[in-house]
Amino acid sequence: MPIARLATRGSGKQVIAQRIGTSAISKNKTKNWNLSRFDTIRSCPPSGSKRRSPPAPSPAQAMLRLRSSILIQVLSSSSVAFPNISSLHRLLSAAAAPRISPNPSFAVGDYLVDTCGLTRTQALKASAKLSHLKTPSKPDAVRAFLAGLGLSSADIAAAVVKDPLLLCAGVEKTLSPVVAELTGLGLSLPDIARLLSLARDRFRSRSIVSKVQDYLPLFGSPQNLFRALKNSPYLLRRNIDRVVKPNVALLRECGLSDCDITKICIGLKGILITNPERVRTMVACAEGLGVPRGSGMFRHALRAVGFLSEEKLAAKVEYLKNTFRWSDVEVGIAVCKAPMVLTTSKESLQLKSDFLFSDVGLEPAYIARIPAMILYSLEGRTKPRHYVVKFLKENGLLDRNWSHNSIVGVSEKIFVEMFIRPHKEAAPHLAQDYVSACRGEVPARLIFA
C-alpha cells in the first residue's frame, strides 16, 4: 500500500512527524526517506481497525510546522545568509511561538490597538485594509518575525501604520527569503530593519532584493542608500533599466563621480527617478548658468536649478541682480561661483544685502567676487563675528585690518583661535558675549553707535 495512503491513518501527531521528516528529504534523501517510511509503516493501525481522519492541528502544532518550514527555507537558501547562528536562532524562536489570541471573536481594530500599539485613529485607517483577517495567527507570526529582526514594538507599530498589509505577509514564502537574500548581499539585521521602515510595501516584494543589489554599488554603503531612500522612497518602485540607469549614465557623462551622484540624490529629491529627458533639461540649465561640466560646482548647479522652469530661474537671477546692485556680468560671476544662492529665499537675500551694504560697508563688486558670504547664516555667523571684530577694533586690540571674507569665511575653530582667545585677559567677557550673539542675544557692549 502507498506510503501517502498509509499516512492518512495515523494520528495528528504522527502526520506532523511524517511531514517534517518528508520536508528534510532535500538534505539527505536516502536516510530521511528510509526513516520516514519506517515511522509511517509503524504508525499503521492493526488490520481491520476503523479508519479515522486526522484531527485538525492545534495552534502549537501549527507553530511547530511553521518553525520547521522556516528553518528549511533559510538553510537551503544560502550557507552565508545568517553567518551569526544566534541571529538565526533568535529569528526562528520568535517566529515559532507568536501569541495566539484566545478570543474566538477576533476584531482587527482591537488587535491593532491592544496588540500592535496603534492609536484608535491609526487602527481605524489600517483596519480598512485588513477586514479579511479572521484570526491573529498570521499577524502574530509576522510580528514575532519582525521582533526577531530587532524591531521594537514601536518600530513594528510604525511599520504597520505605513503598510498595514505587512501583517498579512507570508513569513515562510516572502519575509524569510527576502531577509535571507538581503543578508547574502551583506546587510546586517539592523540594516534590514532600517530598510523595512523605509521600503514600506516594497519589502513584501521579492524584487526588493534585486533593486538593493543594483543600488548598493552606486551609493557605496547601506547607510547612503537609506539616506537616499528617505529622500526618494520611490527609488524602489521606478524601473531601474528604463529610468534610473539612463539618469546615472547622463550624470556620469557630466563628470560626476558616484559619490557626487549620491550627494545630489540625497540633496535633490527625485533626480534619479525623474524622466531622463527632464534630467537632460536640468543639465542644460546648469550649463546655462555658466558652470561647465566636470567642474566642482556642477553638482551644486544641478541642485540649484532643481526642477525650476526657465521662467522661474530667470526671475531668481533678476532678483539677485537687483538686490545686490549687480550688473549682468557680476550676477553671472556670482551665480557661477556659488550656484546655491539661487536657493536662498527673497527675504533672506534682502536682509543680507541690507546688512552687508549698510553695516559692513561692502561694495557690490566685492560681494560678486566672493558670493559664498551670502550663504552664511546672518544671525548665527555673519553678525556675531562682525560685532566681535568691531569691538576689538574700537578697543585697539587688533593690529591689522581684516577683510570681511577673512572674518566670516574661516571655520569656527580658527575664528575663535584668531579673534577670541588672544584677548581673554583684555576682554574676559568676549567669549561669552560671542556665544550669546550666536544664539541671537547680542550683548549691548558689542553694538556701538
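## Observations regarding the overall build of the protein chain
Scanning the protein chain from N- to C-terminus turns up 25 helices and 0 strands. A buried classification covers 42% of the 449 residues belonging to the protein chain. Long-range contacts, defined as pairs at least 24 residues apart, comprise 70% of the intrachain contacts of the protein chain with a sequence gap of at least 6. When the accessible area of the protein chain is evaluated, it comes to approximately 23,600 Å², of which 54% is carbon and sulfur surface.

## Details of helix H16 (residues 276-288)
With 13 residues, H16 should reach 18 Å at 1.5 Å per residue; the first-to-last C-alpha distance of 18 Å fits that figure. Of the surrounding elements, those touching the buried residues of H16 are helix H14 (240-253), helix H17 (298-305) and helix H18 (310-323).

## So, the side chain of arginine 385
Positionally, arginine 385 belongs in helix H22 (residues 378-394). Of note is the side chain of arginine 385, whose polar atom sits 3.1 Å from the backbone oxygen of isoleucine 407. When sequence neighbours within four positions are dropped, the list of residues in contact with arginine 385 reads Ile407, Val408, Gly409, Val410, Ser411, Glu412, Phe415 and Tyr434.

## A word on the packing of helix H8 (residues 137-149) against helix H11 (residues 189-199)
As a packed pair, H8 and H11 sit with axes 8 Å apart at the nearest point and diverge in direction by 130°. As summarised for this structure, H8 and H11 are arranged oblique, according to the angle between their axes. Contact residues: Leu146, Gly148 and Leu149 in H8; Leu189, Ile192, Ala193 and Leu196 in H11.

## Notes on the pattern of salt bridges
Between side chains of opposite charge, a pair can form as their charged atoms come close. Considering all chains together, one arrives at 16 salt bridges under this definition. Aspartate 140 serves as the salt-bridge partner of arginine 143, at 3.7 Å between the closest nitrogen and oxygen. Here arginine 143 and its partner aspartate 140 are both found in helix H8, 3 residues apart, which amounts to about one turn of the helix. The closest approach of N and O atoms between lysine 321 and aspartate 328, which form a salt bridge, is 2.4 Å. According to the relative accessible area criterion, aspartate 328 is exposed, its value standing at 55%. Sharing partners across several salt bridges, the network here consists of Asp201, Arg202 and Arg237.

## A few points about the packing of H22 against helix H24 (residues 412-419)
In contact at an axis separation of 12 Å, H22 and H24 are set at 10° when each is read in the N-to-C sense. Of the possible angle classes, the one that applies to H22 and H24 is roughly parallel. Crossing of H22 over H24 shows left-handed handedness. Residues Arg385, Val388, Val389 and Leu392 of H22 form the contact with H24, whose own contacting residues are Glu412, Phe415 and Phe419. Class assignment of the residues belonging to the contact of H22 with H24 gives a composition of 5 nonpolar, no polar and 2 charged.

## Description of the packing of aromatic side chains
Per the counting criterion, the structure on display carries 8 aromatic pairs. Aromatic side chains tyrosine 215 and phenylalanine 219 sit 5.9 Å apart centroid to centroid with 50° between the ring planes, which places their arrangement in the tilted category. Placement of the pair is tyrosine 215 and phenylalanine 219 together in helix H12 (residues 207-219), with a separation of 4 residues, close to one helical turn. The two residues tyrosine 215 and phenylalanine 219 agree in class, both being buried.

## Regarding a positive patch on the surface
Together, Lys162, Arg194, Arg200 and Lys230 give the surface a local cluster of positive charge. Secondary-structure assignment places arginine 200 in the loop between H11 and H12.

## Some remarks on the confidence of the model for the protein chain
Per-chain confidence: the protein chain averages 81 in pLDDT, with 76% of residues scoring 70 or above. Predicted confidence in the protein chain is weakest over helix H1 (residues 3-7), with a mean pLDDT of 36, and strongest over helix H21 (residues 364-369), with 97. Low pLDDT (under 50) marks residues 1-68, which in the prediction has 51 contacts with non-local residues, meaning those over four places away or in another chain.

## Structural notes on the environment of threonine 281
Looking at where threonine 281 falls in the secondary structure, it is placed in helix H16. Residues threonine 281 and glutamate 310 lie 29 residues apart in sequence; the distance between their C-alpha atoms is 9.7 Å.

## Let's talk about H12
Compared with the 18 Å implied by 1.5 Å per residue over 13 residues, the 18 Å span of H12 between its first and last C-alpha is a close match. Looking at H12, one finds that the buried residues are Ile208, Val209, Lys211, Val212, Tyr215, Leu216, Leu218 and Phe219. Summarising the contacts, the buried residues of H12 are in contact with helix H10 (171-184), H11, helix H13 (222-231), H14 and helix H15 (258-267). At the exit of H12 stands glycine 220, carrying a positive phi of roughly 90°.

## Observations concerning the environment of leucine 320
Mapped onto the elements, leucine 320 comes out in helix H18. Sequence spacing of leucine 320 and valine 331 is 11 residues, and the spatial spacing of their C-alpha atoms is 7.1 Å. With near-sequence residues (within four places) excluded, leucine 320 lies in contact with Trp326, Val331, Val335, Val341, Leu342 and Leu349.

## Overview of the side chain of histidine 404
Mapped onto the elements, histidine 404 comes out in helix H23 (residues 404-408). Relative accessible area serves as the criterion here: at 9%, histidine 404 is assigned to the buried category. Non-local contacts of histidine 404, meaning those with residues more than four positions away in its chain, are made with Leu356, Val360, Leu362, Tyr366, Met373 and Thr382.

## A look at unusual backbone geometry
The phi dihedral of arginine 200 falls on the positive side, at around 55°, and the residue is not glycine. On the accessibility criterion, arginine 200 (46% relative accessible area) is partly exposed. The phi torsion at arginine 325 lies on the positive side, around 60°, for a residue other than glycine. Relative to the elements of secondary structure, arginine 325 occurs in the loop between H18 and helix H19 (328-337). Arginine 325 gets classed as exposed once you look at its relative accessible area, which sits at 56%.

Conventions adopted
- Residues numbered from 1 in each chain as written.
- Predicted model: local features only at pLDDT ≥ 70, side-chain atom pairs only at ≥ 80, totals over all residues.
- Heavy atoms only, no water.
- Helix = DSSP H or I, 4+ residues; strand = E, 2+ residues; numbered from the N terminus.
- Buried < 20%, exposed > 50% of the residue type's maximum accessible area, 1.4 Å probe, protein only.
- Contact = heavy atoms within 4.5 Å.
- Areas by Shrake-Rupley, 256 points an atom, 1.4 Å probe, with all protein chains shown as cover.
- Expected span 1.5 Å × (residues − 1).
- Polar contact = N/O pair within 3.5 Å; in protein donor to acceptor, adjacent residues only side chain to side chain.
- Axes fitted to C-alpha atoms, helices over the stretch in contact; angles between N-to-C directions.
- Parallel < 35°, antiparallel > 145°, perpendicular 65-115°, else oblique.
- Salt bridge = Lys/Arg side-chain N within 4 Å of Asp/Glu carboxyl O.
- Left-handed = near helix turned anticlockwise from the far one by under 90°.
- Nonpolar A, V, L, I, M, F, W, Y, C, P; charged D, E, K, R; others polar.
- Phe/Tyr/Trp six-rings, centres within 6.5 Å; stacked < 30°, edge-to-face > 60°.
- Patch = residues over 30% accessible without salt bridge, like charges linked within 9 Å, V, L, I, M, F, W, Y side chains within 5 Å.
- Lys, Arg positive; Asp, Glu negative; His and termini not counted.
- Charge placed at Lys NZ, Arg CZ, Asp CG, Glu CD.
- pLDDT = per-residue confidence, 0-100.

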